[in-house]
Every structure is written in structure tokens, then in C-alpha cells.
Amino acid sequence: MQVRVRQKGKKVRYVIDRMTMLDVPRVVEIERLAYPSTWPPSAYRKELQDNRWAHYVVLRDKQIADERVATVQEADKPRRNRLFPLSLLPSRPVAAVPSSDLASIIGFAGLWLMVDEAHVTTIAMHPDFRRLGLGELLLVSLIDISYEIGAKWVTLEVRVSNYTAQNLYRKYGFREEGLRHRYYSDNNEDALIMWTEEIHAPSYKEKFQELKTALLKKLETQ
Ligand SMILES: CC(C)(COP(=O)(O)OP(=O)(O)OC[C@H]1O[C@@H](n2cnc3c(N)ncnc32)[C@H](O)[C@@H]1OP(=O)(O)O)[C@@H](O)C(=O)NCCC(=O)NCCS
């Protein structure tokens, strides 16, 4: 599963890829900025390695990767006034390209399939890249995955105080179906339990396709 958003007359800008082990350090970094309490990196590694029902994605901004590579290449150019012969200078770090790839990750999301229900476990954008429609792109990708893996419904828990996320979920047809008291251990906050209707219902499919088309158009013309 891969999503690519190409901006008009330009290169591909946003890409959604499956999360890999290499992505975990950056995912954990973003998670710390996005949530009051976080999973240890080992939890993500375990999810990716051992949980066959788990599906995680990362969102990359390719412009960041390109800028990083350009900066590394610029820094690599031989300078005329160097005092030492080039052979005595430390060689170029081999990790330059992977690190630019890591830095390009600006959000991530995941779900578990439980029988025919897709349970959203996490969705987070780096604070510097919010309000651009990219959290929505992550949710759209999770719903697309839910279709691919045969889920019938999508469900999640969200803090009662997290109106931002609740607005996003309501936009995609999630409705409150219950409350889990003191669900979050960091502050004993309650969680709203939200569910979509059957995602294969023609009315849901149609609404979802409409929202997705409008979102991609918005992102392509940004
Ligand atoms: C929730 C989150 C992923 C949204 O990401 P984002 O990229 O800023 O959101 P988008 O720009 O894609 O907005 C999509 C929709 O979300 C809602 N929304 C986003 N920001 C909002 C805000 N500041 N106030 C109210 N609604 C907001 C709106 O419904 C918006 O649709 P609209 O543009 O048609 O108004 C992001 O705020 C985040 O990472 N929060 C911290 C982690 C978190 O709380 N995750 C959810 C756990 S359940």
C-alpha cells in the first residue's frame, strides 16, 4: 500500500509508506511531541515484527528529503582553500541518505485488525506540519487499509478533551458509541469510543470517496 501526492507541475511531495524498523526512531521522536505519554521504541519494533494484525504507516514529505540531500551534496563539494589534502579528511558519512529519509517522516498512524474491526491505535502529525490536511491523509490511508484487509468497521478511542482529533474523526463518519472511564493512566481521563458505520455501505463508500478526492485535490494544489 503506497499513496503518492504529486503537486501540480512538480515532483511527488507526500508519500505514505508501510512503517519499517528503520523508521522507529523518528516515529518515537514525533510521538513524544504529539502525546502526553508514549510507547517505548521496543513496543513499535514488537508491533512490526510480531503482530501480523498490525498495520502501520509513515507519511514522508519528499521535499524535506530532497533539501537534506542537496545540503549534504553542497557540504561535500571540495573547497578550494582547504589546507589539507582531501585524502586526509574524514570520509563522507555513509548514513547521509538514510538520515535524510528519516527526517522526511512527518507523521505516522496505525491500526489492528480484530476479526472484522479495524482498531485505530495511533495517528499523529509532527506539530510543525499540522493543519495542512496531512493528519486527514493519514486517516484516509488507514481507512483504505481497512478496506484492503477486509474490515467492516473502523473504531478508536480518543480523549474526551481532544476536540481536534474528534473533529477529524467526525468528518469521516465516526460517531460516539460509548465511554471508557479513566482510560488514560497519565491523567485518568475518559476515552470516547467512536465507530464508523459499515464502511462497505454504499452511503459510507460514496462519502469517503468524496472526502478523499477533495483532500487529494487540496494537497495537490497547495
Ligand atoms: C489529530 C491530528 C493528527 C490532526 O492532524 P492535522 O494534520 O493537524 O489535521 P488536518 O489538517 O488534516 O485536519 C483535518 C481535520 O481535523 C480537524 N482539525 C484539525 N485541526 C483542528 C483544530 N486545530 N481545531 C479543530 N479541528 C481541527 C478538522 O476537522 C480538519 O478538517 P477541516 O480542515 O475540514 O477543518 C494532529 O492534531 C495530531 O497529531 N495531534 C496529536 C496526536 C493526537 O491527538 N492524535 C489523535 C489520538 S486519538
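Being a predicted model, the structure only gives us computed values, none of them experimental.

Q: Mind showing me how you'd approach the site of the ligand here?
A: Taken together, 21 residues lie around the ligand, and Met125, Gly135, Glu136, Asn162 and Lys171 are the ones closest in. At 2.8 Å from a nitrogen atom of the ligand is found a main-chain nitrogen or oxygen belonging to Ile123. Interatomic distance of 2.9 Å between a backbone N/O atom of Gly133 and an oxygen atom of the ligand. Across the complex, the protein chains shield 79% of the 930 Å² of accessible surface that the ligand would expose by itself. At a threshold of 2 Å from the grid points, most atoms of the ligand map onto the largest pocket. Elements with a minimum of two residues in the shell around the ligand: strand 5 (117-125), helix 5 (134-148), strand 6 (153-159) and helix 6 (163-171). Split by residue class, the shell around the ligand holds 11 nonpolar, 5 polar and 5 charged.

Q: Would you mind showing me how to read the sheet that holds strand 2 (residues 12-18) here?
A: Strand pairing in a sheet takes place through backbone hydrogen bonds and is either antiparallel or parallel in direction. Taking strand neighbours across the sheet as the criterion, the 8 strands line up as 1-2-3-4-5-6-8-7 in an open arrangement whose pairing is mixed. Strands at the two margins of the open sheet, each flanked by one partner only, are strand 1 (3-6) and strand 7 (175-184). Looking at each pair of strands side by side, their axes are set apart by 20° on average, direction ignored. Relative to strand 5, strand 4 (residues 105-114) runs antiparallel, the two being bridged by 8 bridges. Bridge pairing in strand 5 places Leu111 opposite Val120.

Q: Whenever I open this one, the environment of Arg13 confuses me. Can you help?
A: Here Arg13 shows up in strand 2. Its relative accessible area of 16% is what places Arg13 among the buried residues. For the pair Arg13 and Ile64, spaced 51 residues apart in the sequence, the C-alpha separation amounts to 9.1 Å. Setting aside residues no more than four positions away along its own chain, Arg13 makes contact with Val5, Arg6, Gln7, Arg60, Asp61, Lys62 and Gln63. A polar atom in the side chain of Arg13 sits 3.4 Å from the side chain of Gln63.

Thresholds, definitions, all that
- Residues numbered from 1 in each chain as written.
- Predicted model: local features only at pLDDT ≥ 70, side-chain atom pairs only at ≥ 80, totals over all residues.
- Heavy atoms only, no water.
- Near = heavy atom within 4 Å.
- Polar contact = N/O pair within 3.5 Å; in protein donor to acceptor, adjacent residues only side chain to side chain.
- Areas by Shrake-Rupley, 256 points an atom, 1.4 Å probe, with all protein chains shown as cover.
- 1 Å grid on protein atoms, 1.4 Å probe; cavity = no way out; pocket = protein on both sides within 12 Å on 5 of 7 lines; lining within 4 Å.
- Sits in = over half its atoms within 2 Å of the grid points.
- Helix = DSSP H or I, 4+ residues; strand = E, 2+ residues; numbered from the N terminus.
- Nonpolar A, V, L, I, M, F, W, Y, C, P; charged D, E, K, R; others polar.
- Pairing = 2+ DSSP bridges.
- Axes fitted to C-alpha atoms, helices over the stretch in contact; angles between N-to-C directions.
- Buried < 20%, exposed > 50% of the residue type's maximum accessible area, 1.4 Å probe, protein only.
- Contact = heavy atoms within 4.5 Å.

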